[in-house]
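Here is what each chain is made of, one letter per residue.
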Amino acid sequence: MIGAAARPAAPRRRRTVAARVALALALGLAAVACDGRPAPPVQGGAPDPDPLDPLRRFEAARRAAADFSRVPSSDRLFGPDPIALRHLDPLGRPAAPGAPALLSPLRGRDALVLLDASLRELSRAPAPASPTGVAVMPSGEIFASGEASPALFRYAVRGASLEPAGRIELAGLLGVRDVAAGPEGVLYALDERTGTLVTLRPGHAGADGRIEVERWDEPIGAGPFRVVRLARHLIVDCLLDHTLVVLPVGADGRPLSGRAARIRHDGPIWSFDALETGGADGALLLAAGGVEDHPLDRTGGSFGYIDSFVFLYRVATGARPEVTRLSAVNVSELGVLTPKAVALSAIPGSSDVRVIATGYGGDRRAELLFHPTESGLAGAPEVSTRPLAPGVAAMAALGGGAFAYANPLLDAWLLDAGDGAVAKQPVRDGGEDARSDEIRLGEALFFTSLMAPWNRTDGPLSRFTCETCHFEGYVDGRTHHTGRGDVRATTKPLLGLFNNRPHFSRALDPDLTTVADNEFRVAGALSGHDPWFSISSEGAPWLADLGLADAGRSARPPEALRSALMSFLMAFSHRTNPAVLGRTGFTPLERDGARVFRDRCARCHAPVLLSDDPGSAVPFERWEELVLAPEGAIVWGRAGYEKTGVVPYVHEDGARVPSLRRLYKKRPYFTNGSAKTLRDVLERARFDDAGGRIAGERRGTAAAAAPGAFFHDGAPVDEGLAALDAGAIEALLAFLDLL
């Protein structure tokens, strides 16, 4: 059951829901946002207990007990995380019962697992750090990639055993987010950090297991994270560019970039699948799962036009690439939210086309059946849905209508027999997962629609989750209108909040208690329901699949839901930066960058362990030790507002100084999103290098820039302000890459 709970009266919450809605409408809803403030206390009368006080005491106790120099990174904290599935047979043919059938990387355990068709684990082998991709060559050789490793591991299957068989070292890379194989014996690797597509032709392995390769690198777009090879095409999903790049390939398997077609949306595309039609024009049908192709709208007091959609395209590559949208189906209204896995197939014996869409954030699976018409496929499909637990990140067809799903939220594989029956196969983990039930529930609140179960889809009204805008907790590459004047803002990561308060650029929420309460309020702001509600497994049956010890309890009250979300956010630290793995010391260039940062940047981007505690500052002599530690504990931010020329300001006093951790995961840069790269950020910087008075006297005028002024953008001209020289920029780029 999901229902309203009796809430203790509190000064700031005495208004009824109807009164609050009426007040919001009277104010034009301008002040209600993700970083908005609760209503002020009602004057008069004795104050009632604030129901959030116990949560604030809980948070204070957790902060007091924490060692923020050693808060573990979240790489292994959230379970095994089966993140992908790949057929062992390169052509996807079904395997015999009990025989090796599927491969699945465990992102949280640095392992690759071999499964049979019943999803029984047959074998497990070490994988590159934080494995996220796996590919099978026509020869049967297997390659796995990891987002925190510059190596591709090769494997061979002998009987029912998965055995290591060498590796490819990729110089100049820090990680490979995904990998695919072509029938010509080539591999395609994605460097998410630099936006590079790497094409490889493996050769012989040496005595040390290192495999020689021919290699071709080319830029592909911002945030490439998925790659698929068809017979004649290669497709790359660039998350932060909101673009699918469809490239024809030559006879040698190398992509023909000059003949690529591109599908561009206003927001991120999370998944895709494609079928080549076999026509002379080299066309293909492509299904994509992504956010609504419409600018995000926050003028209505919540988040508008961010439903999840499935799109169907006809794509032709070549000298004159052509992209035609055939259909756009709102699957949020079908209960499919954040579709990270879609499957496109032709129906045998007909001209129908079917799309299966699963949702990471919703509890339904949708089947969209497109029928042919005289002008092509019908834009409005025949639709059917059935229950499926949220958390699906990948799927593989098993034949006969059956599917296998990889589900990191449940830390399990799911076997869908095709008749509505779904069996859960938990990943064997040996007791390493020590998460509390609170953290598990908090993860579900973050990644599913549990926080706003009554939202509906109607015009700008949307059903969404936190991940709709914060992919895997990071960003979506968007710069959106905030609903306040002409103020626009980029999405910020939601990892690492525990020691980085106050929160949000404008509101400066003082603690995670306030953040959690506001998130419940804003997520369902236009649903017509009070955000102070309870949840039980009766209303969300899939909660039982989370493995909570008290799954059968009658209800989880509002305070417990907020405590769970807070517990998750406390544990939701940044993943280890691959640039520091195995490192014990700075290079000379990185050390120079640290010095420049100390002299030019650290006044605002403070080297503190707690952003709101200047006393937690780390002395320069310890930077190297803590920067190169897996935790990457230094915040590189500060509480309070600053004006540095990045306009329009989100607040009359400027914007909160943000953390600089894992900058490679956050693009574009600046609050207004005007800088596309870190080099652009540094090249725009201007600062008073000699004191405003001296600079002004040099020109015989009063200085417009205050002494010690620093401008990230829009610096006043002819004020004698200095810029970073080329050497300082290169050094800073090297240092920032470590944060």
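Keep in mind that this is a model prediction, so the values were computed, not measured. Counting restarts for each chain: residues are numbered from 1 in the order of the written sequence. Residue-level local features of this predicted model are given only where pLDDT is at least 70; pairs of side-chain atoms are given and counted only at 80 or more, and the full residue set underlies all totals for whole chains, interfaces and linings. Hydrogens and water molecules were not included; the side-chain quantities draw on all heavy atoms of the structure.

Enquirer: How should I be thinking about the side chain of Asp50 in this particular structure?
Expert: In this text, helices come from DSSP runs of H or I with a minimum length of four residues, and strands from runs of E with a minimum of two, each type numbered from the N-terminal end. With respect to the helices and strands, Asp50 occurs in the loop between α1 (17-26) and α2 (53-65). One polar contact links the side chain of Asp50 to the main-chain amide nitrogen of Leu52, over a distance of 2.9 Å. N or O atoms within 3.5 Å of each other form a polar contact, as long as, within protein, one can give a hydrogen and the other can take it, and as long as residues adjacent in sequence are counted only when both atoms are side-chain atoms.

Enquirer: Explain the packing of aromatic side chains here, please?
Expert: Centres within 6.5 Å are what make two rings of Phe, Tyr or Trp a pair, Trp counting through its six-membered ring; a difference in plane orientation under 30 degrees is then read as stacked, over 60 as edge-to-face, and the rest as tilted. According to the stated counting rule, one finds 26 aromatic pairs in the structure shown. Taking the centre distance of 5.1 Å and the plane angle of 65° together, the rings of Phe68 and Phe498 count as edge-to-face. Pair noted here: Phe68 is in the loop between α2 and β2 (86-87) and Phe498 is in the loop between β33 (488-490) and α4 (512-523), with a separation of 430 residues, a long-range link. Comparing Phe68 with Phe498 shows no difference in burial state: the two are buried. On the numbers, 5.8 Å between centres and 70° between planes, the contact of Tyr360 with Phe447 is edge-to-face. Separated by 87 residues along the polypeptide, Tyr360 in the loop between β23 (353-358) and β24 (364-370) and Phe447 in helix α3 (residues 437-447) bring together distant segments of the chain. Each member of the aromatic cluster is reached from another via a ring pair, and the members are Phe78, Tyr360, Phe446, Phe447, Phe568 and Phe572. Lys340 extends its terminal NZ or CZ atom over the ring of Tyr360, reaching a point 3.8 Å from the ring centre. In this scheme, the term charge over a ring applies when either NZ of a lysine or CZ of an arginine sits within 6 Å of the ring centre and within 35 degrees of the ring normal. When the ring centre of Tyr474 is taken as reference, the NZ or CZ atom of Lys665 above it lies at 5.0 Å. Per-residue accessibility, obtained with a 1.4 Å probe over protein chains only, is compared with the maximum for each type, and a residue is labelled buried under 20%, exposed over 50%, and partly exposed between these values.

Enquirer: I tried to follow the environment of Ala489 on my own but got confused; where do I start?
Expert: Of note, Ala489 is situated in strand β33. Residue contacts are counted whenever heavy atoms from the two residues lie within 4.5 Å of one another. Residues in contact with Ala489, not counting those within four places in the same chain, are Arg478, Thr479, His480, Thr482 and Thr671.

Enquirer: Looking at this structure, I do not really get the sheet that holds strand β29 (residues 402-407). What am I missing?
Expert: Sheet strands associate in pairs through backbone hydrogen bonding, adopting either a parallel or an antiparallel arrangement. In space, the four strands of this open sheet follow the order β28-β29-β30-β31, with antiparallel pairing throughout. Strands with a single pairing partner mark the edges of an open sheet, and in this sheet they are β28 (394-399) and β31 (422-426). Strand-to-strand twist in this sheet, taken as the mean axis angle between neighbours without regard to direction, amounts to 20°. Where β29 and strand β30 (residues 412-416) come together, five bridges link them in antiparallel fashion. Being paired, for any two strands, means DSSP has found at least two bridges between them. Orientation is described by lines fitted to C-alpha atoms, with helices fitted over the stretch in contact, and by angles between N-to-C directions that extend from 0 to 180 degrees.

Enquirer: Just to check I follow, could you spell out the nonpolar core for this structure?
Expert: The nonpolar side chains of a soluble globular protein tend to be buried, and buried together. Side-chain atoms within 4.5 Å link the members of a nonpolar core, which is a set of buried Ala, Val, Leu, Ile, Met, Phe, Trp, Tyr and Cys residues. Judged by nonpolar contacts, the single largest core of 99 residues is most densely connected at Leu445, Leu450, Trp542, Phe597, Trp623, Trp636 and Leu724. The element that contributes the greatest number of residues to this core is helix α5 (residues 558-571), accounting for eight residues. Excluding residues within four positions of it along the chain, Leu445 makes contact with Leu450, Met451, Phe520, Ile535, Leu561, Ala564 and Leu565.

Enquirer: Can you walk me through the pairing of strand β19 (residues 283-291) in this structure?
Expert: It is a general feature of regular strands that their side chains alternate between the two faces of the sheet. Counting buried residues in β19 gives nine out of nine residues, a clear majority hidden from the surface. Examined bridge by bridge, strand β18 (residues 269-276) and β19 share seven bridges and lie antiparallel to one another. Each bridged residue has a counterpart across the sheet, and for Ile269 the counterpart in β19 is Gly290. Judged from the nine bridges that link them, β19 and strand β20 (residues 308-316) form a sheet pairing that is antiparallel. Opposite Leu284, over in β20, you have Val315 as the bridge partner.

Enquirer: Before we go on, may I ask you to explain the environment of Pro493 in this structure?
Expert: With respect to the helices, strands and loops of the structure, Pro493 is situated in the loop between β33 and α4. Each C-alpha atom, one on Pro493 and one on Val315, is 33 Å from the other, the two residues being 178 residues apart in sequence. The residues contacting Pro493, other than those within four sequence positions of it, are Gly473, Tyr474, Val475 and Lys666.

Enquirer: I keep staring at α4 and nothing clicks. Help me out?
Expert: Compared with an ideal rise of 1.5 Å per residue, which puts 12 residues at 16 Å, α4 spans 16 Å between its outermost C-alpha atoms and is within 8% of the ideal. Listed as buried for α4 are Leu512, Thr513, Thr514, Val515, Ala516, Asp517, Asn518, Glu519, Phe520, Arg521, Val522 and Ala523. Expected span of a helix: the number of residues minus one, times 1.5 Å.

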